[in-house]
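Analysis of the macromolecular model
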Amino acid sequence: MADYVYINDINKKGTMAISKTVFNSIAYFALNRIGIKVSEKGTKKRLKARLYNPIETTIHHGIVHVSVNVDIKKGTDIQDITSKIQNEITTAFLCATEHIPFDIQVKTHAII
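These remarks concern the structure in this document. (Residues numbered from 1 in each chain as written. Predicted model: local features only at pLDDT ≥ 70, side-chain atom pairs only at ≥ 80, totals over all residues. Heavy atoms only, no water.)

1. Some remarks on unusual backbone geometry
With glycine set apart, most residues show a phi of negative sign, and most peptide bonds adopt trans. We apply this condition: Secondary structure elements are defined from DSSP: runs of H or I of at least 4 residues count as helices, runs of E of at least 2 residues count as strands, and each element is numbered from the N terminus.
One non-glycine residue, His61, lies in the positive phi region at around 55°. Topologically, His61 is positioned in the loop between strand S4 (56-60) and strand S5 (63-72).

Now the structure itself:
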């Protein structure tokens with residue numbers, strides 16, 4: 001699997017490489033904006049959802065694949081939270097890198 005996605009400049013003046021670490025950082029930033037953080041002791045009561053494990057980002061055939069596993073608080077609408085996560089990451093990726101294909105998978109690990 002690749003570590004970088006290569007983008008050709010619109011003016012054909014060069015190529016830019018974006019690493020999977022950058023996409024990981026963008027995804028964490030997006031989740032932080034909606035109040036979802038990595039599992040921490042004591043966060044169970046105040047968050048509607050939290051990350052079960054770190055975000056996994058891979059690049060395969062020029063497509064960025066992002067996998068997010070979350071724990072969701074009991075009584076919270078699962079579809080609402082997962083779609084918010086997916087939409088926020090999508091928006092962040094589109095703002096940062098306009099035309100890179102990506103796939104975002106949000107999985108519910110547990111109800112807390």
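2. Focus: helix H2 (residues 78-96)
Heads up, the rule is: In a helix, the anticipated span is given by 1.5 Å times the number of residues less one. For the exposure calls, accessible area comes from a 1.4 Å probe over protein chains only, and a residue counts as buried if that area is under 20% of its type's maximum, exposed if over 50%, partly exposed in between. What the arc covers is the set of directions going from the helix axis to the C-beta atoms. By definition, residues are in contact when any of their heavy atoms lie within 4.5 Å. Each polar contact in these results corresponds to two N or O atoms within 3.5 Å; when the atoms are within protein, one needs to be able to donate a hydrogen and the other to accept it, and residues that are neighboring in sequence are counted only if both atoms are side-chain atoms.
A rise of 1.5 Å per residue sets the reference length of H2, with its 19 residues, at 27 Å; its end C-alpha atoms lie 27 Å apart and thus fit the reference within 8%. For H2, the complete set of buried residues consists of Ile81, Thr82, Ile85, Glu88, Ile89, Ala92 and Phe93. Buried residues of H2, seen end-on, are gathered within an arc of 130° and therefore sit on one face of the element. Turned more than 90 degrees off the buried face of H2, the exposed positions are Gln79 and Cys95. Next to the buried residues of H2 lie helix H1 (20-33), strand S3 (49-51), S5 and strand S6 (102-111). Residue Asp77 occupies the N-cap position of H2, its side-chain oxygen lying 3.5 Å from the main-chain nitrogen of Gln79.

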